[in-house]
Amino acid sequence: MPCGCGIQTKAASLVRSLALACTQRHGFGSMSAGIYDTAWVAMIEKTVNNKKEFLFPECFQSLLESQLPDGSWQRYASDLDGILNTLAALLALKKHMGTMGLQSDDLASRCSKAEKSLQAMLGKWDVGAANHVGFEILVPALLRLLEAERIFFHFHGRKLLMDLNAAKLARFDINILYKPIPITQVHSLEAFVGTLDFNRVIHHKANGAMMASPSSTAAYLMNCSVWDEEAEAYLRTVLNSAQGTDRRSLPCAFPTTVFELSWVITTLLEGGFSASELDPSQLSVIADCLEQNLTTHGGVVGFATSCLPDADDTAKTIMALHLLGRSASATPMIREFEGQSHFITYKGERNSSFSANCNVLTCLLHLLEPSKYSLQIVKATKYLISSWRSGKLKDKWNLSPQYSMMLLAQGLVQLLSCWQEDKITDLPEVLLNYQIPLVSFQILLQTMQRQQSDGSWESKHEATAYAVLTLTCLSSLPWIHAMAVDVVSAIERGKEYLHQTRQLWTCGDYLWVEKVTYSSTNLSQAYCIAAIKATAFSRHWGSEVQRLSDVPLKSVTKFVKFFAMIPMFSEELAWKLRAAMIEGYLFLPELKRVRSDIFPPQKSLKEDKYVEYLAFTWTAPNTLNGSFLNTDIMSDMIILSLLIFQIDEYMELVIIENFRHNLDPIKEIVRRHCEAFSGCLPHAGLNGTSKVNGNTNISATPSPTSISPPGSPKNSTSPHTLSSVSSVLAKFISWVLQHPKVVASTPKLQRQLAQETEGYILAHLHQLEDNTRFWQQSDMPTDRTITFSTPRSTYFSWVRNIAANHIACPYSFEFFSCLISGSPDKDPFPGARAKYLANDLCRHLACLCRQYNDAASIPRDRLERNLNSVNFPEFSEHHPTGKDESPEDREARMKKDLLWIAEYERECYTASMKHLGKEKEVKEETMKALRVFVDVTDLYGQMYLARDITTRIRGEGYQREEGGEEVAKAEVGKTEVVRGVIQEPEEIQKPGGMIVRKDSGIMIDGEFPSLEVQVVA
C-alpha cells in the first residue's frame, strides 16, 4: 500500500500541476467529456465562401462512433444521463441528414434506433426521482426541438415533467436574460432556442463563453445573427485544452478553475497533509489565484472566473484560504446566500443542496472566531440534521451517498472540536446530547454496512475514498470506541482496495453532477490520496465530549450475547448486533424525554428494563436488512413501540383495577376520541400541547367531562376517574391520529389508521372482559392448563380479530404506512391487489406474533389468569385428558399445536410478501421498509419464545384479588437459559399459603439482574 513519501510525492505532484495550470490565460478543468455538449457543438453551422458547413465535424464523428448498438448513447450514472445524451445526439443526427457524404439511409437507421431506445428510456424514467440541475427545462426543450423534426414521444412521466417545467418557468421572466444580471439560466441557453432573442444576450458572454458552458455557447453561436469569432475561439479552446477530453468532444463546463483548486486543496489539507509536505511555494500560487478571484467578485465566487457566484465554491474557497494561512471574510457569503432555514447555493434554485450547506458549515467552523457566526452555524447544523433524519440525503451535485455522509461527518466532528475548545458555546442541548451522537454513529454504521466484499464502496475508487475519509474522521468519537476494531478493519480493507486500483485514480468516477454526470481527474486523485493519508483515532476528546453520550458497553456486550441466540440473528456478524445495540442506546434520550408525556408514571414500574433495549428491536432489523429507514421514521416507530408497552400497562394497572366491572364507559371514551381526532384538528405533541401553536391542551378537545356514561371506579379512593382516563386516552389517540405525517398522508390511510387505533384499544378491553369471564370459571387451577368453556367465538375468529388487534400489529402497520407515505396522493400499497396483499400479510404477521407470545407465556398466563390461545376448546378437542396424558404432556401437546399453527401463519405472510413484491405499483423502497416492519414484528415473536419481555403487571408492585391488599416482596433464584429459551421454574413457591409471582425482568447471562417477585395472599 502506498504510504509515507509515496503518497506525499503524489500529493505534491498534484499540487504542482494545479499551480502550473493557474498560469493558463483561459483557465483549466479536468471534467470528463460528455455526449450532451458534444452534440450541441456538432450542430453548429458556419457560412464559409457562401456555403454552410458544420463547424466541428470531428464532434459529429465522435457522436457516430459512440452510439451504442441499441441506438442510445451512454448512461454515465443515471437514466437521465442516457436520456439527455440521446435526445441531444438524435437532434444532431437529424440536423446532419444528407450531409458529410453519409448515406441518408445510414443516418435514418441510426435515428430510428435512437428513437426506439429513447421511447424505452422515457417509459421507464422516474421523473419524480430526477435530481439533475436544470433537467426540468432541458428535457422539455429537446422534446420540443425534436417535435419540430417530426419526432414525438409519449410517456407516463411526461405530465409531471411538464408540470415541473411550467412551475420553473412561472418563476422566471425570460426578459431578465436581456439585462446585465447574471443568472443560472445563462448556463443553459440551449433550453430557450426558439423563444429567446440571442442577439440580446451577448452581454452575458465572458471570455467567449456563456457562463463557461459549451452547450449554452453553442446555442448562442447557432442563433445569433452576427457570427461571434470569440465564441468560436472559446469552443476550440475547450476542444484543445480540456484535460478530460480527446479533442473531439467537450465537457459540460470549462474552465472550472476555482472549483477544482478549492476542492483539491481543502481535501488534501483536511486529509492530514501539512503545507510543508505539499510545497509552500506552489500552494502560494494557488492561494494567490483563489484570493484574486474572491476579491474580484466582492467576497463570493463561482466555479470559474466570471461565473455566477454560489455558496458552494465560495465556502470552499474561504476555507482553503484559511487552511493556507490567508484571511478571508465570510460576511459576503452570509449576506448573499443565507436563507430562512438554510443556505441557498444560488438564487432561484428549485431545491436545496445538502453538500453546499455542509461546506458552508465546515467553512464557518474553520474561521478564527467561529463564535461570531453562531446563529448561522446552528442554522446550518439544524438543517443538515433535519435533512439526515428525514432521509433527504440525496445531493444535487454528487450522486454518491458516501459524499454527503463524508461532508456531514466532517462538519459534525469539526463542530464538536470547536465546542470543546470553547470557540463556540451556545449550541442547543438537544444537538449536543442527542442528535449529534446519534447521527454521527448512524453515518458510521451506514458507511460500514455499505462496504462491499472486495473492500470498496459502490465498486468505485472515489466513493471508496469518501468512505475511508468518513470512517477515519468519526473513529475518535467516544461513542464509537466499542466499534474500534471493526472500524479499523473497514478502513484497512478500503485502503487496500484503493491501493489495488491506484492506476485508475486519474480516471475518476462518474459521480459529479452538472447537466449530465461527469468525472474529474483532479478531484479523484485528491480524494484517493487524502484517503490513503488519513489516519484513524487522530483526535483527543476531553471529558466534555465524552460525557455527551453514555453508552454502557458492559450492558451492550450482555445484550448482544442474548440476542445472538435469537434465530433471526444467529448467523449475523457480532459487530452488526453490537452496532445496532449502540444505536438503540443513542435513541434513549428521546425515549426518556417522552416517556411520561402521555401515560402517567406508575409507582409499580420502577426501572422498566425493556425501555433499555426497545429501540434495538427497530435498529437491528433496519441495520441487518441494510434498509436504512430514515431516522424520523425510526424515532416515531420506536416511540410508538414505547406507547404500546405503556398502554398495555395502563390497561392492566389502571383500567382493570378500577373499571373491570363496567368497561362500557371506557369503550365509549375510546370511540368518541377516535372519531374526534380523526378529523382535521391540529396535531398534539407528546406533552399535550399542539404542535401548531404550542399552547392548545388536547384534553380539552373533546372534553372528557362530556362523556359521562354510568359507571365509576371500583376503588372509590383511586385517583383514576373517567375524566382522567379520558384525558390520557385523548393524548394517546391524538398523538397517533394527528401526527404530522399521518395528517400528510392520504385520507384513506388516515381513516384506516383511525379504525385500527380504535380496534386496538377496544381489543384490550375485550381481552380484559374475556380474562374476567375466563377466571370466573369455577375451576381455576394454577398447576395445569384448562379449557375456556364459554368463548364468544372460534379460536380462528378470535386470533384473527381481538387477539391480532391486541398485539398492536395491525394498528402499528397502518401508522407505519402513513409514515412511509408522507404525501396526500401517495399510497404505499396502491390498488386493490396490493392493498389486499398488504392487509393479508399484516393479519398473518399479527397472528404469528400473538401465537409466539402465547406459546411462551402459558405458565405466566395461567398464574395471572389471562386467556391464552391454548385455553380455546380447539386445543382440547379429540385430545381428552386421561390416564395416558399427564397435565404436562397435555400442555406440551397444546404448545406444539400452537407453534405449528404459528409456522403456518409464517408461511402465509411469506407468500403474501412474495406476491406483494411482484406488484409493479409497489416501489422497491416500500418493500425495503416493509421488510423492516415484518422483521421487527417477527423479532418480538422470537423474543417472546426466548423470554417474556412484558413487565409482570400483577406480579410486580401489587396484585389485587377480591378483598386483597398490597403484598410483600421476596426474592427468587436464577432462571436458567436452555437453547436461548427461558425455562419456567418447575415449582411455584407458596410460603405461608401465598402464591409467589415471578417478575419477568431482563435476563442477561442466564440471570435477572433486578428480579423481584410478588407474594399474593
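My aim in this report is to walk through the structure given alongside it, one point at a time.

What counts and how
- Residues numbered from 1 in each chain as written.
- Predicted model: local features only at pLDDT ≥ 70, side-chain atom pairs only at ≥ 80, totals over all residues.
- Heavy atoms only, no water.
- Helix = DSSP H or I, 4+ residues; strand = E, 2+ residues; numbered from the N terminus.
- Buried < 20%, exposed > 50% of the residue type's maximum accessible area, 1.4 Å probe, protein only.
- Contact = heavy atoms within 4.5 Å.
- Areas by Shrake-Rupley, 256 points an atom, 1.4 Å probe, with all protein chains shown as cover.
- Pairing = 2+ DSSP bridges.
- Salt bridge = Lys/Arg side-chain N within 4 Å of Asp/Glu carboxyl O.
- Axes fitted to C-alpha atoms, helices over the stretch in contact; angles between N-to-C directions.
- Parallel < 35°, antiparallel > 145°, perpendicular 65-115°, else oblique.
- Left-handed = near helix turned anticlockwise from the far one by under 90°.
- Nonpolar A, V, L, I, M, F, W, Y, C, P; charged D, E, K, R; others polar.

1. A short note on the overall build of the chain
- A tally of helices and strands in the chain yields 38 helices and 11 strands.
- Residues classed as buried in the chain amount to 60% of the 1017 residues present.
- Within the chain, counting contacts between residues at least 6 apart in sequence, those at least 24 apart form 76% of the total.
- Surface summary for the chain: the accessible area is close to 40,200 Å², and the carbon and sulfur share equals 51%.

2. Considerations on the pairing of strand 1 (residues 45–48)
- As defined by bridge partners, strand 1 adjoins strand 2 (residues 51–54) across 4 bridges and the pair is classed as antiparallel. Opposite V48, over in strand 2, you have K51 as the bridge partner.
- Linking strand 1 back to strand 2 in an antiparallel pair, the connection comprises 2 residues, with N49 at a positive phi of about 55°.

3. Describing the pattern of salt bridges
- Scanning the entire structure with this criterion turns up 42 salt bridges.
- One salt bridge connects D486 with R578, and the closest N-O pair in it is separated by 2.5 Å. Of this pair, D486 sits in helix 19 (residues 484–500) while R578 sits in helix 23 (residues 574–586); the two residues are 92 residues apart in sequence, bridging distant segments of the chain.
- Judged by its relative accessible area of 18%, D486 falls in the buried class.
- With a closest N to O distance of 3.0 Å, R833 and E919 form a salt bridge.

4. Remarks on unusual backbone geometry
- The omega torsion across F254 and P255 is 0°, close enough to zero to call that bond cis.
- Mapped onto the elements of the fold, P255 is located in the loop between helix 9 (229–241) and helix 10 (257–270).
- In this model, N49 sits at a positive phi of 55°, which is unusual for a non-glycine residue.
- Mapped onto the elements of the fold, N49 is located in the loop between strand 1 and strand 2.
- Note on N49: relative accessible area 75%, which makes it exposed.
- Positioned with a positive phi, S306 is a non-glycine residue whose angle comes to about 70°.
- Residue placement: S306 occurs in the loop between helix 11 (280–296) and helix 12 (311–323).

5. So, the packing of helix 27 (residues 631–659) against helix 34 (residues 809–821)
- Running from amino to carboxyl end, helix 27 crosses helix 34 at an angle of 160°, the nearest separation of the two axes being 11 Å. In terms of axis orientation, helix 27 runs roughly antiparallel to helix 34. Note on packing geometry: the crossing formed by helix 27 with helix 34 is right-handed. Listed contacts from helix 34 to I633, D636, M637, L640 and I644 of helix 27 are Y811, S812, F815, F816, L819 and I820.
- Looking at the contact of helix 27 with helix 34, its residues break down into 9 nonpolar, 1 polar and 1 charged.

These figures capture arrangement, not role.
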